Amino acid sequence: MNINMNASEFIVDYLIRLGVTDVFGIPGGVLLDLIYAFDDKKDTITPHLCYHEQSAGFAASGYAQACGKLGVAYATRGPGFTNMITAIADAYCDSTPVLFITAHSSKFLNRNMRVMYDQEIDTCSMVRNITKFSARIDDVNDIPSILNKACIIALDGRRGPVFLDFASDIFSKSITLNNIDKIPEKASIFDIKKMVYDVKNEIKEAKRPIILVGDGVNQVNLIDKFKLFINMAKIPVLSSRSSLNIVGDSNFYFGYVGSHGIRTANFIMSKADLVVAIGNRVDFPVHSESYFDITQKTKFLRFDIDPSEFERQIPNSTNYQLDIRDLLEELSENIFDYGNHSNWLSLCEDLKDNLKNEDINLAVERIADILKNIPEETTIVSDVGNNEFWLSRACILSRTRKRVLFSKSFGAMGCALGKSIGAYYATRKPLVCFTGDQGLLMDSQEFQTISQNNLPISVVLLNNKSSGMIRDREKYKFGTRYLHTTKDTGYGIPNFQKIIEGYGIIVSDYFDLSDKPLFHQILIDEDLSLTPRLPKGKPCQDLFPDLDRERYEYLNNL
């Protein structure tokens, strides 16, 4: 049966049927028909005004990260579109399903000309390598099939962003459509039983096995299934930093690994003889001196939906391409004998007891106090910089299972307010946003979005009055010759309290998870460096600041 409607109405109706409830952007002349179509259905799908296109893109990503649905962001042509590119790249690097939309006026794209018409550029060529799919649509009758294809691609397999550039004059044209395809249900082409058998047997035979979990488990929303599995396996669990929430309160969890990892976790990683990686890319620099010994002596079982991840070749690795939902369903629903690893667990507990108070500073303690006093279901959003590592360390200290939304792989400073806005609309619950002074300089205009909509977002500014992370790197490379990172060398900040008050937001000396916008500032000594860190050439467990050598050798030889 054919249905008649105009193109804008069809796009809005299609997104509603996908379950999208909120979209983000800034009006532009070429998009007005579409935006008004959203507004006509605002009780079901609401358009939200942001004050920079990059923040609108981050809001769509925060929405998708928080609820798992498709995020949607729109921007006008030319500079509106280019402002959105950083958010597109962030969504691509973090496998976040977002539909990015723009529009154009000219139907003629001459790639041999530098500029054919003002604000008209070859958008698809610019985003082709940072999207899963991109298309320019000039014929109204192409919309149903291309929009459907784009959204299927965004949500299927390893998720990610897609991009559509519509001719602006087709939004108001009538469209005739037939039934369109739904996202297909995929039959597994892999022998799940064999994979589960391999996991069970390899863990049972290993002396020092660990599970290395990644954000993939967050993305498929199977944390409960994963917990059932680890409670049966009874072996240590390590994580990436972005997945520290998954089993943050479990006695089997020992922290996140990495160049700024938890010392206990890095020590355990160095001692393991088997790594079962689930939803984790295992993106170790294989040939670095820090990880070389681990990758040479340790057996890896890697489970990932994206076969391209196996291009990162790790010795002694068996790779399984599958949807980890299938794996976790099977592992959690069947009881297996994984062997007895109590001695290994006791060793890990000894490491934890010995190292639990390392790398805790005033910033970490203040953040941990906040985390301990807010509900576990509270969503946390982090910006980029030293603040995100202090927050991560505080999560371990407080043993929280709160979900933290990061800009994981792309590291887009200035993303936090935008992502917080999107995450709020996804959850409709008060949340906490941690940011640094430099990040806040990049997105502070979004306090207007927060204020005028009275969003219950509590923003915590960790203010060290410097570009702390880069200052540390300057110190390691050039000694005390700093440049553009401190007040005396060209870096400066405004009076944030007056700015925030100008937006009509409460500035509080005490933190509170409020039902209204709130701003709380924690002043940090600018000389507080980011530690721990892994110096080049050191084994991954030998982090700086150095442990006493006798103590280090004792722990290393356990």
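- By the naming in an unreviewed UniProt entry, the chain goes by Acetolactate synthase isozyme 2 large subunit and is assigned to bioreactor metagenome.
- Under the Sequence similarities (unreviewed entry) heading, UniProt states for the chain: "Belongs to the TPP enzyme family."

1. Describing the overall build of the chain
Thinking step 1. In terms of regular secondary structure, the chain is built from 22 helices and 20 strands.
Thinking step 2. Each principal axis of the C-alpha atoms in the chain carries an extent, and together these give about 75 × 60 × 50 Å.
Thinking step 3. Split into buried and exposed, the 558 residues of the chain put 56% on the buried side.
Thinking step 4. Summarising the internal contacts of the chain: among those between residues at least 6 apart in sequence, 77% fall at separations of at least 24.
Thinking step 5. Considering the chain, the positive charge centre built from 62 side chains and the negative charge centre built from 71 side chains are found 2 Å apart.

2. A short note on the domain arrangement of the chain
Thinking step 1. One can read the domain layout of the chain as domain 1 (5-175), domain 2 (192-355) and domain 3 (362-523).
Thinking step 2. One C-alpha centre belongs to domain 1, the other to domain 3; they are set 29 Å apart.
Thinking step 3. Residue-level contacts link 21 residues of domain 1 with 25 residues of domain 3.
Thinking step 4. Carbon and sulfur atoms supply 58% of the area buried between domain 1 and domain 3, which totals about 1,900 Å² over both sides.
Thinking step 5. Considering only the surface of domain 1 that becomes buried against domain 3, Tyr51, Gln65 and Asp94 emerge as the three largest contributors, covering 30% of it.

3. Here's the deal with the sheet that holds strand β11 (residues 253-256)
Thinking step 1. Taken together, 6 strands build an open sheet; the order of strands is β11-β10-β9-β12-β13-β14 and the sheet is parallel. Of all the strands in the sheet, the pair left with one neighbour each is β11 and β14 (317-321). Averaged over all adjacent pairs, the angle separating strand axes in this sheet is 20°, with direction ignored.
Thinking step 2. Two strands pair when backbone bridges link them, and strand β10 (residues 237-239) and β11 are joined in this way by 2 bridges, in the parallel orientation. Directly across from Ser239, in β11, lies its bridge partner Tyr256.
Thinking step 3. Contacts from helix α10 (residues 223-233) reach β9 (209-213), β10 and β12 (274-278) within the one sheet, and its direction differs from that of β9 by about 170°.
Thinking step 4. Packing of helix α14 (residues 342-355) onto the sheet brings it into contact with β9 and β11, and relative to β11 it is tilted by some 55°.

4. Things to note about the pattern of salt bridges
Thinking step 1. In this structure the tally under the stated criterion is 28 salt bridges.
Thinking step 2. Two residues, Arg551 and Glu358, come together in a salt bridge whose shortest N-O distance is 2.9 Å. Of this pair, Arg551 sits in helix α22 (residues 549-556) while Glu358 sits in the loop between α14 and α15 (362-372); the two residues are 193 residues apart in sequence, bridging distant segments of the chain.
Thinking step 3. Beyond isolated ion pairs, a larger network of salt bridges with shared partners links Arg158, Asp304, Asp306, Glu309 and Arg312.

5. Comments concerning the environment of Pro285
Thinking step 1. Here Pro285 lies in the loop between β12 and α12 (292-297).
Thinking step 2. Considered as a pair, Pro285 and Asp369 are 84 residues apart in the sequence and their alpha carbons are 35 Å apart.

6. As for the pairing of strand β18 (residues 457-463)
Thinking step 1. With 7 of 7 residues buried, β18 lies mostly within the body of the structure.
Thinking step 2. Where burial is concerned, the two faces of β18 agree: the one with Ile457, Val459, Leu461 and Asn463 and the one with Ser458, Val460 and Leu462 are both buried.
Thinking step 3. Where strand β17 (residues 431-436) and β18 come together, 6 bridges link them in parallel fashion. Bridge assignment links Cys433 to a residue of β18, and that residue is Val459.
Thinking step 4. Pairing analysis gives 6 bridges linking β18 to strand β20 (residues 518-523), with the strands arranged parallel. Bridge pairing in β20 places Val459 opposite Phe519.

7. Structural notes on the side chain of Asp437
Thinking step 1. The residue Asp437 is located in helix α18 (residues 437-443) in this model.
Thinking step 2. Buried charge Asp437 goes without a salt bridge, the closest partner of opposite sign being Lys465 at 9.4 Å.
Thinking step 3. Among the polar contacts listed, one links the side chain of Asp437 to the backbone nitrogen of Asn464, at a separation of 3.2 Å.
Thinking step 4. Reaching out from Asp437, the side chain makes a polar contact with the backbone nitrogen of Ser466 at a distance of 3.5 Å.
Thinking step 5. Ignoring anything within four residues of it in the chain, the contact list for Asp437 reads Leu461, Leu462, Asn463, Asn464, Lys465, Ser466, Tyr491, Ile493 and Phe496.

8. Some remarks on the environment of Phe303
Thinking step 1. One can find Phe303 in strand β13 (residues 299-304).
Thinking step 2. Along the backbone, Phe303 and Ser55 are 248 residues apart, and their C-alpha atoms lie at a distance of 33 Å.
Thinking step 3. In this structure Phe303 touches Met195, Val199, Val276, Ala277, Ile278, Gly279, Tyr320, Leu322, Ile324 and Leu327, once residues within four positions along its chain are discounted.

9. Concerning the packing of aromatic side chains
Thinking step 1. Applying the stated criterion to the full structure yields 15 aromatic pairs.
Thinking step 2. Centre to centre, the rings of Phe24 and Tyr425 are 6.1 Å apart; their planes meet at 50°, and the pair counts as tilted. Taken together, the residues span a long stretch of sequence, with Phe24 in strand β2 (residues 22-25) and Tyr425 in helix α17 (residues 416-427) at a distance of 401 residues. Assigned by exposure class, Phe24 and Tyr425 land together as buried.
Thinking step 3. Relative to Phe229, the ring of Phe226 has its centre 6.3 Å away and its plane inclined at 70°; by these criteria the two rings are edge-to-face. Highlighted residues: Phe226 and Phe229, both in helix α10, separated by 3 residues, approximately one helical turn.
Thinking step 4. Grouping aromatic residues by their ring pairs yields a cluster made of Phe24, Tyr63, Tyr424 and Tyr425.

10. Notes on the UniProt feature "domain: Thiamine pyrophosphate enzyme TPP-binding" (unreviewed entry) in the chain
Thinking step 1. Per the UniProt record, the feature "domain: Thiamine pyrophosphate enzyme TPP-binding" (unreviewed entry) sits at residues 383-507.
Thinking step 2. Within the segment residues 383-507, helix and strand shares are 45% and 14% respectively, and the terminal C-alpha atoms sit 20 Å apart.

11. Observations regarding the packing of helix α11 (residues 263-271) against α14
Axes are the key here: two packed helices are described by the angle between their axes and the distance separating the axes.
Thinking step 1. For the pair α11 and α14, the least separation of the axes is 9 Å and the interaxial angle reads 145°. For the crossing formed where α11 meets α14, the hand is right-handed. Contacts between α11 and α14 pair Arg263, Thr264, Phe267, Ile268 and Lys271 from the former with Trp344, Leu347, Cys348, Leu351, Lys352 and Leu355 from the latter.
Thinking step 2. When its residues are assigned to classes, the contact of α11 with α14 shows 7 nonpolar, 1 polar and 3 charged.

12. Quick look at unusual backbone geometry
Thinking step 1. Residue Thr531 is joined to Pro532 through a cis peptide bond whose omega torsion reads 0°.
Thinking step 2. Within the fold, Pro532 resides in the loop between β20 and α22.
Thinking step 3. For the peptide bond that leads from Phe544 to Pro545, omega is 5°, which places it in the cis range.
Thinking step 4. Mapped onto the elements of the fold, Pro545 is located in the loop between β20 and α22.

Cut-offs used in this document
- Residues numbered from 1 in each chain as written.
- Predicted model: local features only at pLDDT ≥ 70, side-chain atom pairs only at ≥ 80, totals over all residues.
- Heavy atoms only, no water.
- UniProt positions renumbered as here; feature names shortened; annotations may be inferred.
- Helix = DSSP H or I, 4+ residues; strand = E, 2+ residues; numbered from the N terminus.
- Buried < 20%, exposed > 50% of the residue type's maximum accessible area, 1.4 Å probe, protein only.
- Contact = heavy atoms within 4.5 Å.
- Lys, Arg positive; Asp, Glu negative; His and termini not counted.
- Charge placed at Lys NZ, Arg CZ, Asp CG, Glu CD.
- Domains from an automatic or database assignment.
- Buried area = accessible area lost by both parts, 1.4 Å probe.
- Pairing = 2+ DSSP bridges.
- Axes fitted to C-alpha atoms, helices over the stretch in contact; angles between N-to-C directions.
- Salt bridge = Lys/Arg side-chain N within 4 Å of Asp/Glu carboxyl O.
- Polar contact = N/O pair within 3.5 Å; in protein donor to acceptor, adjacent residues only side chain to side chain.
- Phe/Tyr/Trp six-rings, centres within 6.5 Å; stacked < 30°, edge-to-face > 60°.
- Left-handed = near helix turned anticlockwise from the far one by under 90°.
- Nonpolar A, V, L, I, M, F, W, Y, C, P; charged D, E, K, R; others polar.

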